[in-house]
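Chain and residue survey
Each chain, letter by letter, is given below.
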Amino acid sequence: MSIRKAVIPAAGLGTRFLPATKSTPKEMLPVVDKPAIQYVVEEAVAAGLEDVLMITGRSKRTLADHFDSVPELETALEAKGDEKRLAEVRRSTELANVHFVRQGQPKGLGHAVLCARHHVGDEPFAVLLGDDLIDERDPVLPTMIALQQRTGGSVVALLEVDPEQVHLYGCAAVEPLEGDDADQVRITGLVEKPDAADAPSNLAVIGRYVLSPAVFDVLDRTEPGRGGEIQLTDALATLAGMPAEQGGGVYGVVFRGRRYDTGDRLDYLKAVVRIAADRPDLGPDLRAWLTEYVQTLT
Ligand code: G1P
């Protein structure tokens, strides 16, 4: 069954960015001049997923506003003849069919995904986490979607990380998958945020998933795990051990492209600089200034 829907969990409190996130959702923090969430929606749309469900919570109203129209702003820009900005304002409105559901209680990523059950129904779907931005020049979702379609199971994106970083991620045990592409693997086990000594590999799950709808029944019976939260990683570990006829089987696509982590402050700053340095409008001036600035740091 083809994949049409994307789910974006966006209910987190954003405590790492306080006080900026006291009244602004962290998903709305600008990465150059666009809120982080818009990059994620653009990635979903570029992969053909125009039905987007955001799982939000309290104080997330501006997320809905961003994807809605603003007639008075549009009228003002029209009157000024500012076609360029008008197009930018309209772009986020026209990008996708964006729906919202609220996760009443902060019970974890697995619980957030379970909140999508009614909207998604009985078809495979993608999950995109907003803290990971994937460069549009290195799309990974199309490869993941193709692997889901070939296997009928679930697929996660994997990144090779330094062993001392694995405790920040879900971590996968893998074996080779029949086929020509060594970067496509079968997952035999998953552990949420293991200590380096217990990690089955240095392959970390990054925030892109293409899931079989069988995940919902599994999540429904998944007990709280690490941090007392219902973990998506634990549900995927269960699916990895289930037969294909029951929607089981989990696969990985090793991602080797450009990815920006906007989840913590230092990585966020790096992401903004890297993305701006690559932009044709800002890049040349920013690079020239950066080169000069770096001299003053030594
Ligand atoms: C979540 C998942 C984790 C995954 C990570 C990717 O953790 O629980 O398995 O590796 O996203 O960014 P979080 O970063 O929300 O703590």
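Predicted model only: the values in this text are computed from it and were never measured.

Under the counting rule described, the total for this entry stands at 1 cavity of 30 Å³ or more. Estimated volume of the largest cavity: approximately 90 Å³. If you trace the largest cavity, you find it lined by Phe17, Lys26, Glu27, Leu29, Ala36, Ile37, Gly130, Asp131, Thr262 and Tyr268. By residue class, the composition of the lining of the largest cavity is 5 nonpolar, 2 polar and 3 charged.

Together, Trp289, Tyr293, Val294 and Leu297 line one region of the surface with nonpolar side chains, adding up to about 420 Å² of accessible area. Note that Leu297 resides in the segment after helix H11 (283–295). Owing to a relative accessible area of 55%, Leu297 belongs among the exposed residues under this scheme.

Applying the stated rule across the entire model yields 28 salt bridges. Between Glu123 and Lys5 there is a salt bridge, and its shortest N-O distance comes to 3.7 Å. With a gap of 118 residues between them, Glu123 in the loop between helix H6 (117–120) and strand E6 (125–128) and Lys5 in strand E1 (residues 5–9) connect regions that are remote in the sequence. On the basis of relative accessibility, which here comes to 10%, the residue Glu123 falls in the buried class. Asp217 is the partner of Arg117 in a salt bridge, and the nearest nitrogen-oxygen pair spans 2.6 Å. Of this pair, Arg117 sits in helix H6 while Asp217 sits in helix H8 (residues 214–220), and the two are 100 residues apart along the sequence. Assessed through its relative accessible area of 32%, Arg117 is described here as partly exposed. Here Asp217 falls in the partly exposed class, since its relative accessible area comes to 42%.

Let us now look at the environment of Arg102. Along the polypeptide, Arg102 turns up in strand E5 (residues 97–102). C-alpha of Arg102 to C-alpha of Ile55: the two residues are 47 residues apart in sequence and 5.5 Å apart in space. Arg102 has contacts with Thr56, Gly57 and Arg58, leaving out every residue within four places of it along the chain.

Two faces, one strand: in a regular strand the side chains alternate between the faces of the sheet. Of the two faces of E6, the one holding Phe125 and Val127 and the one holding Ala126 and Leu128 are both buried throughout. In this sheet, strand E11 (residues 203–211) lies alongside E6 in antiparallel orientation, the contact comprising 4 bridges. Opposite Val127, over in E11, you have Tyr209 as the bridge partner.

Here we come to helix H10 (residues 265–278). Taking 1.5 Å as the rise per residue, H10 with 14 residues should run 20 Å; its terminal C-alpha atoms sit 20 Å apart, in good agreement. Within H10, burial applies to Tyr268, Ala271, Ile275, Ala276 and Ala277. Residues of H10 that are buried in the fold lie against strand E2 (30–31), helix H1 (36–46), strand E7 (132–134), strand E13 (259–261) and H11.

Calculation notes
Residues numbered from 1 in each chain as written. Predicted model: local features only at pLDDT ≥ 70, side-chain atom pairs only at ≥ 80, totals over all residues. Heavy atoms only, no water. 1 Å grid on protein atoms, 1.4 Å probe; cavity = no way out; pocket = protein on both sides within 12 Å on 5 of 7 lines; lining within 4 Å. Points joined across faces, edges and corners; volume = space filled by probe spheres on them. Nonpolar A, V, L, I, M, F, W, Y, C, P; charged D, E, K, R; others polar. Patch = residues over 30% accessible without salt bridge, like charges linked within 9 Å, V, L, I, M, F, W, Y side chains within 5 Å. Areas by Shrake-Rupley, 256 points an atom, 1.4 Å probe, with all protein chains shown as cover. Salt bridge = Lys/Arg side-chain N within 4 Å of Asp/Glu carboxyl O. Helix = DSSP H or I, 4+ residues; strand = E, 2+ residues; numbered from the N terminus. Buried < 20%, exposed > 50% of the residue type's maximum accessible area, 1.4 Å probe, protein only. Contact = heavy atoms within 4.5 Å. Pairing = 2+ DSSP bridges. Expected span 1.5 Å × (residues − 1).

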